[in-house]
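In case you want the letters, here they are:
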Amino acid sequence: MDRNHAREILDQWVIPTEEGSYMGGIDERPILAAANGSTVVDIEGNEYLDFQSGQMGAAIGHRHPRVMESIRKSTESFVHASNIMLNVPRLELHERLGHLFDDPLQRTLFLVTGSDTIEASVDLARKATGGLDILGMHDGLHGSTSFLSRSLSFAWKRGKHAAIAPATSAMLTPHCYRCPVGAKFPSCDYLCLKASMELADANFTSKPAAVIAEPIVSAGGVIEPPPGYFQALRRACDDRGMLIIFDEAQTGLGKTGKMFGYQHQGVVPDIMALSKHFGGGMPVSAVCTSDAVAKKAVANGFFATRSHATDPMACAAGVASLDVIVEEDLPGRAARIEERMKAAFRDMAKRYDIIGDIRGRGVLLGMELVTDHETKAPANREAAEIDRLCLKNGLIIQLRGTGPGRRNVFRFVPPMTTTDEEIDRGLNILEDAMAQVMRTRVAS
Ligand SMILES: Cc1ncc(COP(=O)(O)O)c(C=O)c1O
């Protein structure tokens, strides 16, 4: 396939959505043809360091050999199976995953996508509590299914959608760099949480069921709540009979430097959703909960499944992916990548005052660009140009924003298996792009 043929296909056959189909113009973006480890290759043979891990589904590296071997073996035995039958890889995956949790998390069920896990987690919380209302962070993103997970994805702006699920509303994201209530941590004493819960109490349309949150709000701009926030949230939820759902699509399974993002927060969620690299690149996702929550919900009619939710090939890939994460100590590797990248970012910040904030954990890192450190005016134009130059020079990162009119946060998600040499190569491309943009800025 060449670019002209691709252009014809795009012009004639593809629904031209902005999100999820083909972001950016065909002349500016590579058409990918192959991937291996931390590298992807386009149809013209250009190589790119993929510091986005695909759509975060390749955080153990593209085509990890052990995952590929499990898929190869499955092609010789069993690819698809009925979800009302048990199969061996499915059972193994429940057991392997269960061993990774802290008490009281224990029980799991499998689905296909991240959005599926959100739909199911919300239903689980509702059936376990008898409540209905769900709160989500106003910069959060939890999926694109056309009703519930999208309704809880406030970062996507709910006004875009034809209909919004009832009993879903937003609470303020605890974003200390841009505090939504203009306060300062720690003297604020979690004012954003108190204000959110007071408002929620007035807004609830029924008995509340749960809060859904990411331990690090990823797509909304890589925002980590301040220390103690989730403990305060737990108290607020306990007071109202609400459960905590952690969406660990982006923070789970090693990426933050620990096995799960909740382990940095000192709060074990009642329900946890896992997806993205869980299947090592194959689509399989999980809803995880305690025995008590599972039993209450099931007694009230909870179930969730998909035709391909328990396919032996996907489950075998999940087992291989978990084995890689544990046996290759990928959480440890993610922590070392964080140290290396943050040290380089801090160094760059001495040279380029456009860097306003550096944040995140493990291989989920963010860098916010501002034109003025006092006003924190977003450096949207510069960020877009740096992003463009990075891509041109062989580095894929993603540009995100935190709120209306802001598209000034780089999100970096290199696979946890990225070598030091590859990390340094990516950092050099970023630094060169930044230097070039800053030179032009001074000159103009
Ligand atoms: C935190 C989070 N949850 C859920 C989802 C939805 O996952 P999927 O696209 O697999 O449905 C995403 C997608 O990016 C996500 O970032």
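Quick note: structure is the one above.
The structure displayed is predicted, hence computed values, not measured ones.

Caption draft 1: Representation of the sheet that holds strand β11 (residues 355-361). Strand order across the open sheet formed by 4 strands is β11-β12-β15-β14, with antiparallel pairing between neighbours. Each of the sheet's edge strands pairs with one partner strand only, and the pair in question is β11 and β14 (398-400). In this sheet, adjacent strand axes meet at a mean angle of 25° when their direction is disregarded.

Caption draft 2: Fine view of the packing of aromatic side chains. The final tally for this structure, using the stated rule, is 9 aromatic pairs. Ring centres of Phe-110 and Phe-278 lie 6.2 Å apart, and the angle between their planes is 45°; this geometry places the pair in the tilted category. Here Phe-278 lies in the loop between β9 (271-274) and β10 (285-290) and Phe-110 lies in strand β4 (residues 105-111), a separation of 168 residues in the sequence. When the centroid spacing of 6.3 Å and the interplanar angle of 65° are considered together, the rings of Tyr-190 and Tyr-229 count as edge-to-face. Remark: Tyr-229 occurs in helix α7 (residues 229-240) and Tyr-190 occurs in the loop between β6 (168-171) and α6 (191-203); sequence separation between them is 39 residues. Taken as a pair, Tyr-190 and Tyr-229 share a single burial class, namely buried. Of the aromatic side chains, those joined through ring pairs into one cluster are Phe-185, Tyr-190, Tyr-229, Phe-230 and Phe-246. For Lys-376, the ring lying beneath its charged end belongs to Tyr-177, and the centroid distance is 4.2 Å.

Caption draft 3: Spatial organisation of the side chain of Asn-87. On the secondary structure map, Asn-87 appears in the loop between α2 (65-75) and α3 (88-98). Within the structure, Asn-87 has its side chain in polar contact with the backbone nitrogen of Arg-90 (distance 2.9 Å). Sequence-distant contacts of Asn-87, that is, excluding residues within four places in its chain, are made with Phe-78, Ala-81, Thr-310 and Pro-312.

Caption draft 4: Quick look at the site of the ligand. By nearness alone, every residue bordering the ligand is listed as Thr-113, Gly-114, Ser-115, Leu-141, His-142, Gly-143, Glu-214, Asp-247, Ala-249, Gln-250 and Lys-276. Interatomic distance of 2.5 Å between a side-chain N/O atom of Ser-115 and an oxygen atom of the ligand. Within the side chain of Asp-247, an N or O atom sits 2.6 Å from a nitrogen atom of the ligand. Look at the ligand: alone it shows 390 Å² of surface, and the protein chains cover 81% of it. For the shell around the ligand, the per-class residue count stands at 2 nonpolar, 6 polar and 3 charged.

Reading the values: rules and limits
Residues numbered from 1 in each chain as written. Predicted model: local features only at pLDDT ≥ 70, side-chain atom pairs only at ≥ 80, totals over all residues. Heavy atoms only, no water. Pairing = 2+ DSSP bridges. Helix = DSSP H or I, 4+ residues; strand = E, 2+ residues; numbered from the N terminus. Axes fitted to C-alpha atoms, helices over the stretch in contact; angles between N-to-C directions. Phe/Tyr/Trp six-rings, centres within 6.5 Å; stacked < 30°, edge-to-face > 60°. Buried < 20%, exposed > 50% of the residue type's maximum accessible area, 1.4 Å probe, protein only. Lys NZ or Arg CZ within 6 Å of the ring centre and 35° of its normal. Polar contact = N/O pair within 3.5 Å; in protein donor to acceptor, adjacent residues only side chain to side chain. Contact = heavy atoms within 4.5 Å. Near = heavy atom within 4 Å. Areas by Shrake-Rupley, 256 points an atom, 1.4 Å probe, with all protein chains shown as cover. Nonpolar A, V, L, I, M, F, W, Y, C, P; charged D, E, K, R; others polar.

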